[in-house]
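# Per-entry structural report
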Amino acid sequence: MAQQPTVTLPPGRDNLKKPPVVSIGFLGWIRTNLFSTWYNTLFTLLGVYILYLVFPPLFQWAILDAVWSGEDRTVCEWYDEDKVKYRAGACWLMVKVYFNFFTYGFYPDELQWRINLAFIILAISFSLMFIPNFKKKHYVGIFLFVFYPFIAFFLLSGNESLGLEYVSTHKWGGLFLTFLLGSIGIVFALPLGIILALGRRSKLPVVRLLSVIFIEFWRGIPLITVLFFAAVMFPLFVPQGVEIDNLLRCIVGLTLFGGAYMAEVVRGGLQALPKGQYEAAQAVGLGYWKMMALIIMPQALRIVIPGIVNTFIGLFKDTTLVFIISLMDLLLTVFTTNSNPDWMGFPFEGYIYAALVYFIICFSLSRYSLRVENKLMVAKQG
Amino acid sequence: MNINSEIIKPPKKDIFKSGKFRSIVIQSIVMLLFISFVLWVIDNAATNMTANGIAHGFDFLWENSMFDIGYLPFIDHTPVDTYFHAFIVGILNTILIAVIGIFFATIFGFLIGIGRLSDNWLVSRFCGAYIEILRNVPLLLQLFFWYHAVLRILPRAKNSLNAGDSFFLNLKGLFIPKPIPETGFNSVLLTFIVAIIFIIYLIRWAKQRQAKTGQQIPIFSISLGILILPVMFVSFLYNFPLYFEQPVLKGFNFKGGIRLIPEMVALLLALSLYTAAFIAENVRSGILAINKGQIEASSAVGLNRIQILRLIIIPQAMRVIIPPLTSQYLNLTKNSSLAVAIAYPDLVHVFAGTALMQTGQAIEILAMTMSVYLTLSITISLLMNWYNRAMALKDR
């Protein structure tokens, strides 16, 4: 090889030696990220092959050949003269036909505005909570936790004296019921969790012991058995003649279960606070409840927002298990349409729709919790 | 200066304001409330049960169960067997699902977790997408998807999906070869166990030797040799005493081999793929928890890549991974109760479902079912606490 000449660079950019074209820009990116070693090349080729195998047929099925409109199932699946079955791609028409059922269950069509109204109130108050410079957040919080549940209850179940027609909880269903059960996780389970966490950290042995037993019991058993318990044992535990609504049983079960998980999250926050906070609060003469309400809880809860959101995501996914006491949540509405003779034989479409709904909700929540976590981390370091 | 003697007089002791007294009062009230609540519930339950004519006590356990259990890999259950027998069968089926599920979830979870950290962009994105999709869709929905959608479009027995003429997948389930031990298999097994015990001692000895003299021996290849050669030799002596019975298509169905019913296949798929996504996240955070300086320092003292992985990365990552991994195992076991949704005969389906329907003895049956899961949870968390204490970094 020829001797490398010693280069003396004259002023001016033109003569500067440029990096080789394969190590910068798009080509460089491909080289470092896809073909850096022989096995990475192998993996990349394999991955591209799998994508090639999966995506074109999937695209064909879900978009190109899909049926988006029509009257009944004959547009998705039909027979010619020789009784040979033909089938188009994905039958999204089925989801379209049942969209109302998937969203509201058996709730009467003409009364569905009440659900929408309740949801709009919720959405507006929630978005107020996320405006950074809004000063009166605590009023909104009190409204959401104290008054909103009652307003929502009257709107949804109706009240004759208010001129709202009564709708039995048997007719509640669909995505709306899923939202309702999920929000139980925050509205009831979080306060229960806070009380249990305080009980577990209490200096009184009896209180501590009871809290520990309670928390470990509910955390130790699967939710299915909790719901079985709610379905068949609650009626035995109340005085004779008292009927508990099926939905209420389920809500109590979910609250007890979720409360135990929330308690462990909140406890983490309580333990993470430096001891000085407790001592300083006591030094200025605050009693136990004032110390907790004004000094400890606001800080502890802020630390564990990501944990609370994650527990909430878990609870939200777990609400699907209410099928065990035959509540018509989103999943069960999809499941029922599968056995409906009009639209039998399109299981993929329904489940993919439901999965998409759950995914969008849970994924955006988990991104939110991740963002809060990063923000907290920065705040801690800075 | 005049000191006012009034001020420095110690304050009068007020028994009602002393902390000890208050704590006793509060605790007694809590205890009293709790006990009266429990008594109230018991009283209600007793009245309700007498009113509805529900029996109580555990005598029903020894009565004939009057039902069949469709799927029993271990022991048979016939209608003349007792409810207690059904209880045991349910537990065994739950354990079966849990053990196989944990096995696959671990392997898959580690692969995906390591793949997520790969420097290959495509692999890392692929694993990331897998984790996010599987984690954010409810398990029950996934279970229904596998059972009611995917497994329903499988071919009939005649056109089964075939892997190497040994594994067949069709509408009736998954058929796999059945290992049947023949004479001499016990000797092979014994050789295997002895070899493992020998290797354990060898590793211990090698460690002591290295600590004393600093000399290393190629322990891995020696162990592999000790494990394989004698076992192969004994197997050869007995003419390979393990026979695999292949499933064979006879008429409309398969004979021979082991049949995994579709319920079980769907449950295993859903449980292991779902849990794998969570395990992958644990593995990833465990590996990321290792300080970069650790790896740089080990390169600086001259360890090669494999040594770094074996001596530096894995021991430290496992310390972080194992506690959440155990809780994932526990979750998988608890989630296996979703079997009831697709009628796989696990503990909840057999006992808290069928047996409860027949006897109506909700309290006893649910208490027994819950205590199985509770025992498991508490045992595992005790083991975990012990492990954490043993593995905690000791300050020197």
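### Description of the overall build of chain A
For chain A, the helix and strand inventory stands at 15 helices and 3 strands. Relative to a compact globule of 382 residues, whose C-alpha radius of gyration would be 21 Å, chain A shows 29 Å and is clearly more extended. Over its C-alpha atoms, taken along the principal directions, chain A stretches across nearly 100 × 85 × 40 Å. Relative to its 382 residues, chain A shows a buried fraction of 42%. The contacts in chain A between residues at least 6 apart in sequence include a share of 66% that link residues at least 24 apart. Taken as a whole, chain A presents about 22000 Å² of accessible surface, with 68% of it coming from carbon and sulfur. Between the averaged position of the 29 positive side-chain charges in chain A and that of its 22 negative side-chain charges there is a distance of 21 Å.

### Some words on the side chain of Ser-124 of chain B
Mapped onto the elements of the fold, Ser-124 of chain B is located in helix H4 (residues 121–135). Once residues within four sequence positions are removed from consideration, Ser-124 of chain B is found in contact with Gly-115, Arg-116 and Ser-118 of chain B.

### Topic: a negative patch on the surface
Together, Asp-109, Glu-110, Glu-160 and Glu-165 of chain A give the surface a local cluster of negative charge. For Asp-109 of chain A, the location among the structural elements is in the loop between helix H4 (99–104) and helix H5 (112–129).

### Observations concerning the state of the cysteines
Residues and elements named next belong to chain A. Inspection of every chain in the model, using the stated rule, returns 1 disulfide over all chains. At a sulfur-sulfur separation of 2.0 Å, the disulfide partner of Cys-76 is Cys-91. Between Cys-76 and Cys-91, the S-S dihedral sits near 65°, and the bridge is therefore right-handed. Within this pair, whereas Cys-76 is found in the loop between helix H2 (38–64) and strand E1 (77–79), its partner Cys-91 is found in the loop between strand E2 (85–87) and helix H3 (92–97), the two being separated by 15 residues in sequence. As far as burial versus exposure is concerned, Cys-76 and Cys-91 are alike and both buried.

### A few points about the interface of chain A and chain B
Each partner contributes to the interface: chain A provides 56 residues, whereas chain B provides 54 residues. Between the two partners, chain A and chain B, sit 1 salt bridge. Arg-367 of chain A is the partner of Glu-132 of chain B in a salt bridge, and the nearest nitrogen-oxygen pair spans 3.1 Å. Counting the contacts that link chain A with chain B gives 16 residue pairs in polar contact (both at pLDDT 80 or more). For the side of chain A that touches chain B, the elements supplying multiple residues, two or more each, are helix H1 (25–33), H2, helix H8 (205–220), helix H9 (223–237), helix H13 (305–318), helix H14 (330–338) and helix H15 (347–381) of chain A.

### Considerations on helix H9 (residues 292–300) of chain B
Note that an α-helix has 3.6 residues per turn; residues three or four places apart therefore point the same way. Taking the backbone nitrogen of Gly-293 of chain B as reference, a side-chain oxygen 3.1 Å away marks Asn-291 of chain B as the first, capping residue of H9 of chain B. The positive-phi residue at the C-terminal boundary of H9 of chain B is Gly-302 of chain B, with phi of around 95°.

### Observations regarding the sheet that holds strand E8 (residues 258–260) of chain B
All names here are of chain B. Spatial ordering of the open sheet is given by E1-E2-E3-E8, a layout of 4 strands whose pairing is antiparallel. The outermost strands of the open sheet, each flanked by one partner alone, are strand E1 (161–163) and E8. Between one strand axis and the next, the sheet turns by 15° as a mean value, whatever way the strands run. In terms of strand pairing, E1 meets strand E2 (residues 167–170) through 3 bridges, oriented antiparallel. Residue pairing for E2: Ala-163 is matched across the bridge by Phe-167. Packed on one face of the sheet, helix H8 (residues 262–288) meets strand E3 (173–176) and E8 and runs near 65° to E8.

### Details of the packing of aromatic side chains
All told, the structure shown has 39 aromatic pairs over all chains when counted by the stated rule. Summarising the aromatic geometry, the rings of Phe-153 of chain A and Phe-154 of chain A are spaced 5.9 Å apart at their centres and angled 65° between planes, so their arrangement reads as edge-to-face. When the ring of Phe-348 of chain A is compared with that of Phe-145 of chain B, the centres are 5.5 Å apart and the planes differ by 85°; the resulting orientation is edge-to-face. With Phe-348 of chain A in helix H15 and Phe-145 of chain B in helix H5 (residues 139–150), this residue pair bridges two chains. Here Phe-348 of chain A falls in the buried class, since its relative accessible area comes to 19%.

### With respect to the pattern of salt bridges
All names here are of chain A. For the structure on display, the rule yields 6 salt bridges over all chains. A salt bridge links Arg-200 to Glu-216, with the nearest nitrogen and oxygen atoms 3.1 Å apart. Here Glu-216 lies in helix H8 and Arg-200 lies in helix H7 (residues 174–200), a separation of 16 residues in the sequence. On the basis of relative accessibility, which here comes to 28%, the residue Glu-216 falls in the partly exposed class. Close ionic contact of Glu-264 with Arg-200 constitutes a salt bridge, the shortest N to O distance being 2.9 Å. Remark: Arg-200 occurs in helix H7 and Glu-264 occurs in helix H10 (residues 246–272); sequence separation between them is 64 residues. Overall, Glu-264 belongs to the buried group, its relative accessible area being 18%.

### So, the nonpolar core
Judged by nonpolar contacts, the single largest core of 149 residues is most densely connected at Phe-102, Tyr-107, Trp-172 and Leu-330 of chain A together with Leu-140 and Phe-351 of chain B. The element best represented in this core is H9 of chain A, accounting for 12 residues. Setting aside residues no more than four positions away along its own chain, Phe-351 of chain B makes contact with Phe-60, Leu-61, Tyr-83, Phe-87, Asp-346, Leu-356, Ile-365, Met-368 and Thr-369 of chain B. In this structure, Ala-189, Leu-190, Ile-194 and Met-291 of chain A belong to the second largest nonpolar core, which totals 19 residues.

### Here we look at the confidence of the model for chain A
Considering every residue of chain A, the mean pLDDT works out to 85; 94% of them sit at 70 or more. Element-level pLDDT for chain A is lowest in E2 of chain A, with a mean of 79, against a maximum mean of 92 in H8 of chain A.

### Some details on the domain arrangement of chain A
Each assigned domain of chain A is listed here: domain 1 (23–64), domain 2 (65–94) and domain 3 (168–381). Placing a centre on the C-alpha atoms of domain 1 of chain A and another on those of domain 3 of chain A gives a separation of 41 Å.

### Considerations on the side chain of Ser-336 of chain B
All names here are of chain B. Relative to the helices and strands, Ser-336 is located in the loop between helix H10 (305–335) and helix H11 (347–359). The class of Ser-336 is buried, set by a relative accessible area of 1%. Non-local contacts of Ser-336, meaning those with residues more than four positions away in its chain, are made with Thr-94, Ile-97, Leu-267, Leu-271 and Asp-346.

Conventions adopted
Residues numbered from 1 in each chain as written. Chains lettered and ligands numbered in written order. Predicted model: local features only at pLDDT ≥ 70, side-chain atom pairs only at ≥ 80, totals over all residues. Heavy atoms only, no water. Helix = DSSP H or I, 4+ residues; strand = E, 2+ residues; numbered from the N terminus. Rg over C-alpha atoms; globule rule 2.2 N^0.38 Å. Buried < 20%, exposed > 50% of the residue type's maximum accessible area, 1.4 Å probe, protein only. Contact = heavy atoms within 4.5 Å. Areas by Shrake-Rupley, 256 points an atom, 1.4 Å probe, with all protein chains shown as cover. Lys, Arg positive; Asp, Glu negative; His and termini not counted. Charge placed at Lys NZ, Arg CZ, Asp CG, Glu CD. Patch = residues over 30% accessible without salt bridge, like charges linked within 9 Å, V, L, I, M, F, W, Y side chains within 5 Å. Salt bridge = Lys/Arg side-chain N within 4 Å of Asp/Glu carboxyl O. Disulfide = S-S within 2.5 Å. Polar contact = N/O pair within 3.5 Å; in protein donor to acceptor, adjacent residues only side chain to side chain. Pairing = 2+ DSSP bridges. Axes fitted to C-alpha atoms, helices over the stretch in contact; angles between N-to-C directions. Phe/Tyr/Trp six-rings, centres within 6.5 Å; stacked < 30°, edge-to-face > 60°. Core = buried A, V, L, I, M, F, W, Y, C linked by side-chain atoms within 4.5 Å. pLDDT = per-residue confidence, 0-100. Domains from an automatic or database assignment.

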